[in-house]
Amino acid sequence: MQEAISLIKAEHRSLAAVLHGLVTIMGDLQQSGGRTDFSLLGTMLNYVDQYPDRFHHPKEDQFLFRLLRARAPDAAGLLDTLETEHMKNRQLMGELRQALRRYQEQPSDRGRRDAWAELVRQYAEFHWNHMRLEEEQVFPLAESRLRPEDWAQIAAAFRQNEDPLTGLSAKLHYEELLRRIVTAAPAPVGVGAPWR
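Being a predicted model, the structure only gives us computed values, none of them experimental.

Colleague: Got a minute to help me understand the overall build of the protein in this structure?
Modeller: Scanning the protein for helices and strands turns up six helices and zero strands. Reading the helices (α) and strands (β) of the protein from amino to carboxyl end gives α-α-α-α-α-α. Here the protein, with 196 residues, has 44% of them falling under the buried criterion. Across the protein, contacts joining residues at least 24 apart in sequence account for 78% of those joining residues at least 6 apart. Taken as a whole, the protein presents about 10000 Å² of accessible surface, with 52% of it coming from carbon and sulfur.

Colleague: Just to check I follow, could you spell out the nonpolar core for this structure?
Modeller: Burial of nonpolar side chains together is a common tendency in soluble globular proteins. Counting 28 residues, the largest nonpolar core has Met26, Leu41, Val48, Tyr103 and Trp116 as its most contacted members. Looking at this core, the elements with two or more residues in it are helix H1 (2-32), helix H2 (38-71), helix H3 (76-105) and helix H4 (110-145).

Colleague: Is there a simple way to think about the packing of aromatic side chains in this case?
Modeller: The geometry of an aromatic ring pair comes down to the distance between the two centres and the angle between the two planes. Inspection of the entire model under this criterion finds three aromatic pairs. Ring centres 5.9 Å apart and planes at 5 degrees place the aromatic pair Tyr47 and Tyr51 in the stacked group. Of this pair, Tyr47 and Tyr51 are both found in helix H2, four residues apart, which corresponds to roughly one turn of the helix. Residue classification places Tyr51 among the buried residues on the basis of a relative accessible area of 8%. Consider the rings of Tyr51 and Phe55, whose centres lie 5.7 Å apart with planes at 35 degrees: the pair is tilted.

Colleague: Would you mind going over the environment of Glu149 with me for this structure?
Modeller: Considering the arrangement of structural elements, one finds Glu149 in helix H5 (residues 148-160). Glu149 sits 148 residues away from Met1 along the chain, and the two C-alpha atoms are 9.4 Å apart.

Colleague: Would you take a moment to explain H4 for this structure?
Modeller: Three- or four-residue spacings in an α-helix give side chains the same orientation, since the helix completes a turn every 3.6 residues. Relative to the 52 Å expected for 36 residues at 1.5 Å per residue, H4 spans 51 Å between its end C-alpha atoms, a close match to the ideal helical length. The sharpest bend along H4 comes to roughly 35 degrees, located at Val138, with the proline Pro140 sitting one to four residues further on. One side-chain oxygen of the residue at the start of H4 lies 2.8 Å from the amide nitrogen of Gly111, identifying that residue as Asp109.

Colleague: Please explain H1 as it appears in this structure.
Modeller: The end-to-end C-alpha distance of H1 is 44 Å, a good match for the 45 Å that 31 residues give at a rise of 1.5 Å each. Directly beyond the C-terminal end of H1, a positive phi value near 70 degrees is found at Gly33.

Colleague: Honestly, the confidence of the model for the protein in this entry has me stumped. Any pointers?
Modeller: For residues with low pLDDT, the predicted coordinates do not support detailed interpretation. Here the protein averages 86 in pLDDT, and 82% of its residues register 70 or above. At the level of individual helices and strands, the protein shows its lowest average pLDDT in helix H6 (residues 170-184), which scores 64, and its highest in H4, which scores 95. Throughout residues 163-168 the model reports pLDDT below 50, and contacts reaching past four residues in sequence, or to other chains, amount to eight contacts.

Colleague: How should the packing of H1 against H4 be read in this particular structure?
Modeller: Angle between the axes and distance between the axes are the two parameters that describe a pair of packed helices. H4 packs onto H1 with a crossing angle of 160 degrees between their chain directions and a minimal axis gap of 9 Å. In terms of orientation, H1 and H4 fall into the roughly antiparallel class. Crossing hand, H1 versus H4: left-handed. Residue classes in the contact of H1 with H4 are distributed as 17 nonpolar, four polar and seven charged.

Cut-offs used in this document
Residues numbered from 1 in each chain as written. Predicted model: local features only at pLDDT ≥ 70, side-chain atom pairs only at ≥ 80, totals over all residues. Heavy atoms only, no water. Helix = DSSP H or I, 4+ residues; strand = E, 2+ residues; numbered from the N terminus. Buried < 20%, exposed > 50% of the residue type's maximum accessible area, 1.4 Å probe, protein only. Contact = heavy atoms within 4.5 Å. Areas by Shrake-Rupley, 256 points an atom, 1.4 Å probe, with all protein chains shown as cover. Core = buried A, V, L, I, M, F, W, Y, C linked by side-chain atoms within 4.5 Å. Phe/Tyr/Trp six-rings, centres within 6.5 Å; stacked < 30°, edge-to-face > 60°. Expected span 1.5 Å × (residues − 1). Bend = angle between axes of the 7 residues up to and from the residue. Polar contact = N/O pair within 3.5 Å; in protein donor to acceptor, adjacent residues only side chain to side chain. pLDDT = per-residue confidence, 0-100. Axes fitted to C-alpha atoms, helices over the stretch in contact; angles between N-to-C directions. Parallel < 35°, antiparallel > 145°, perpendicular 65-115°, else oblique. Left-handed = near helix turned anticlockwise from the far one by under 90°. Nonpolar A, V, L, I, M, F, W, Y, C, P; charged D, E, K, R; others polar.

Quick look at the structure:
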């Protein structure tokens, strides 16, 4: 049980860190008006787009939520809400990508920059609230209802996280993305040079 919860929470922390980085960078840009590193923003957006939808959410749905539905039918409403939010993530990501394209077309347009920054803040809040709901409500319920064999399935699923398209370890791929983000992002998000 502890291994499964630790693996899920570690993925939550990585996602939360990149979201916090996006919010921080956009807040700094709004205050300083510096040059925008669209390559870094695109890398960060790719991380928060691809990792949850390709690896994290499907495993929550297929393992944690499915097993919890069987052991705790009274949790159906909560699990329905979370699965609906997993699907809503795709719609919100589409809006974010569209706003980033508009901003990139005219980087000096403060209105486009501010619209993008506001969508980033809304998206981050959406995800932080979603993860909080899982950790504060789903995990305690799962701890009390799931059986050791359920936890073994969940831990095995999250331990694997292999990209089904390439056969490569998703963990290695996304660790490399995180390393690139930290290397390129200015402080306090990363160790890169300040944007000017």
